[in-house]
Amino acid sequence: MTAALLIIDVQNDFCPGGLLAVNEGDAVVPIINRMQDDFPLVVATQDWHPANHSSFAANHAGAEPFSTMEMPYGTQVLWPVHCVQGSDGAAFHPALALDRAALIIRKGMDPALDSYSAFFENDRETPTGLAGYLRDKGVMSLTLTGLATDFCVGWSALDARRLGFDVTLATDACRAIDLDGSLDAAMGKMRDAGVQIL
Ligand code: VGL
Ligand code: ZN
């Protein structure tokens, strides 16, 4: 088992009608469903925040959504409330096939620390455990799909390269938030890090 498909945060809140909707976020669902047949291992992540999460603008008096704030671990975008544990918005898109998902990694559960990447929280050092799981399974190469290209998918791709995995970004199976040029910036960083862009 050397290749794995990673499905990042294909959840209702990141799809049209959701609380942090990504343009055409739901368009990735049929593509990801089809791709799964080509991989011996499928892993999904789920953004899973407590209601008091520090990445929510609503939890900082006077803060506007999409503004930024300095946190002990670096600059943090303050998001609209999204993917609250147990809410419908935090559920996977109902049409996403998950029968073949061997592992679902939940992230962003520490109220004081956001977690974009599937591998590390936003301090870039607290691990989620995914790297160890993939290594135990003998996985060498990862194909990344899901939402959003410029945040959780992009950060996951960069961390995966840093950890020594071969990484492919399946661009048609991803959609972006694109906040102030964040998509171009993320694509540039991924290219520089040796991510293969499909
Ligand atoms: C994400 C912003 C906040 C993502 C998650 O999945 O890209 N973006 N939480
Ligand atoms: Zn989040």
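Let me sum up the structure you'll find in this document. Note that the structure is predicted; figures quoted are calculated from it, not measured.

## Digging into the site of ligand 1
Turning to step 1, where the next piece is worked out: Within the structure, ligand 1 sits among Asp9, Phe14, Leu20, Asp47, Trp79, His82, Tyr116, Leu147, Ala148, Phe151, Cys152 and Ile177.
Turning to step 2, where the next piece is worked out: Asp47 has a polar side-chain atom sitting 3.0 Å from a nitrogen atom of ligand 1.
Turning to step 3, where the next piece is worked out: A distance of 3.0 Å separates an oxygen atom of ligand 1 from a polar atom in the backbone of Ala148.
Turning to step 4, where the next piece is worked out: Relative to its free-state accessible area of 260 Å², ligand 1 is covered by the protein chains to the extent of 100%.
Turning to step 5, where the next piece is worked out: Among the residues forming the shell around ligand 1, the class breakdown is 9 nonpolar, 1 polar and 2 charged.

## A closer look at the nonpolar core
Turning to step 1, where the next piece is worked out: Counting 58 residues, the largest nonpolar core has Leu6, Phe119, Leu134, Leu142 and Phe165 as the members making the most contacts within it.
Turning to step 2, where the next piece is worked out: Top contributing element to this core by residue count: strand S1 (residues 3-8), with 6 residues.
Turning to step 3, where the next piece is worked out: Counting residues in each nonpolar core, the second largest holds 5 residues, with Ala57, Met71, Tyr73 and Leu78 among its members.

## Re the packing of aromatic side chains
Turning to step 1, where the next piece is worked out: A complete count under the given rule lists 6 aromatic pairs for this structure.
Turning to step 2, where the next piece is worked out: Relative to Phe151, the ring of Trp79 has its centre 4.9 Å away and its plane inclined at 90°; by these criteria the two rings are edge-to-face. Of the two residues, Trp79 is situated in the loop between strand S4 (74-77) and strand S5 (101-107) and Phe151 in helix H3 (residues 149-162); the sequence distance between them amounts to 72 residues. Across the pair, Phe151 and Trp79 agree in class, each one buried.
Turning to step 3, where the next piece is worked out: Relative to Trp155, the ring of Tyr116 lies with its centre 4.8 Å away and its plane at 90°, an arrangement referred to as edge-to-face. Here the residue Tyr116 occupies a position in the loop between S5 and helix H2 (130-136), and Trp155 occupies one in helix H3, the gap between them amounting to 39 residues.
Turning to step 4, where the next piece is worked out: Owing to a relative accessible area of 23%, Trp155 belongs among the partly exposed residues under this scheme.
Turning to step 5, where the next piece is worked out: Taken together through their ring pairs, the aromatic side chains of Phe66, Trp79, Tyr116, Phe151 and Trp155 make up a single cluster.

## Comments concerning the coordination of the zinc ion (ligand 2)
Turning to step 1, where the next piece is worked out: Those protein atoms acting as donors to the zinc ion (ligand 2) are Asp47 (OD), His49 (NE2) and His82 (NE2), and they sit at 2.0 to 2.2 Å.
Turning to step 2, where the next piece is worked out: Each of the 4 donor atoms bound to the zinc ion (ligand 2) contributes to angles spanning 88 to 169°, and the resulting shape is irregular.
Turning to step 3, where the next piece is worked out: Taken in sequence order, the residues that donate to the zinc ion (ligand 2) follow the motif D-x1-H-x32-H. Placement of the pair is His49 in the loop between strand S2 (41-47) and strand S3 (68-71) and His82 in the loop between S4 and S5, with a sequence separation of 33 residues.

## What about the pattern of salt bridges?
Side chains bearing opposite charge may pair, as long as their charged atoms lie close to each other.
Turning to step 1, where the next piece is worked out: Within this structure, the stated rule accounts for 5 salt bridges.
Turning to step 2, where the next piece is worked out: Residue Asp9 pairs with Lys107 through a salt bridge whose shortest N-O separation is 2.9 Å. Taken together, the residues Asp9 in the loop between S1 and helix H1 (28-35) and Lys107 in strand S5 connect sequence positions 98 residues apart. Neither Asp9 nor Lys107 differs from the other in exposure class; each is buried.
Turning to step 3, where the next piece is worked out: A salt bridge links Lys107 to Asp47, with the nearest nitrogen and oxygen atoms 3.1 Å apart. In this pair, Lys107 is assigned in strand S5 and Asp47 in strand S2, connecting sequence segments 60 residues apart. Comparing Lys107 with Asp47 shows no difference in burial state: the two are buried.

The rules behind each value
- Per chain, residues are indexed from 1 in the order of the written sequence.
- Key to labels: chains lettered from A, ligands numbered from 1, both in the order written.
- Confidence filtering applies because this is a predicted model: local features only for residues at pLDDT of at least 70, side-chain atom pairs given and counted only at 80 or more, and all residues used for totals across whole chains, interfaces and linings.
- For side-chain calculations, the full set of non-hydrogen atoms in the structure is used, while hydrogens and water are omitted.
- Proximity is defined per residue: if any heavy atom of the residue lies within 4 Å of a molecule or strand, that residue is considered near it.
- In the analysis that follows, any N or O atom pair within 3.5 Å is treated as a polar contact, provided that within protein one partner can donate a hydrogen and the other can accept it, and provided that, for residues neighboring in sequence, both atoms belong to side chains.
- Calculation of accessible area relied on Shrake-Rupley with a 1.4 Å probe; when residues are assessed, cover is drawn exclusively from the protein chains displayed.
- Any residue outside Ala, Val, Leu, Ile, Met, Phe, Trp, Tyr, Cys, Pro, Asp, Glu, Lys and Arg is labelled polar, Gly included; the first ten of those are nonpolar and the last four are charged.
- We call a set of buried Ala, Val, Leu, Ile, Met, Phe, Trp, Tyr and Cys residues a nonpolar core when their side-chain atoms join them within 4.5 Å.
- Classification of residues uses two cut-offs on accessible area relative to the type maximum, computed with a 1.4 Å probe and protein chains only: under 20% is buried, over 50% is exposed, and between them is partly exposed.
- Numbering of helices and strands runs from the N terminus, with a helix taken as a DSSP run of H or I at least four residues long and a strand as a DSSP run of E at least two residues long.
- Two rings from Phe, Tyr or Trp (for Trp, the six-membered ring) form a pair when their centres sit within 6.5 Å of each other. Planes less than 30 degrees apart are called stacked, planes more than 60 degrees apart edge-to-face, and all others tilted.
- Coordinating donors are taken as N, O and S atoms within 2.8 Å of the metal, stretched to 3.2 Å for Na, K and Ca; because water is absent from the atoms, sites can appear incomplete.
- Every angle between 85 and 135 degrees makes a four-donor site tetrahedral, while opposite donors more than 155 degrees apart, with all other angles between 65 and 115, make a four-donor site square planar and a six-donor site octahedral; other sites are irregular.
- Throughout this description, the term salt bridge denotes a Lys or Arg side-chain nitrogen within 4 Å of a carboxyl oxygen of Asp or Glu.

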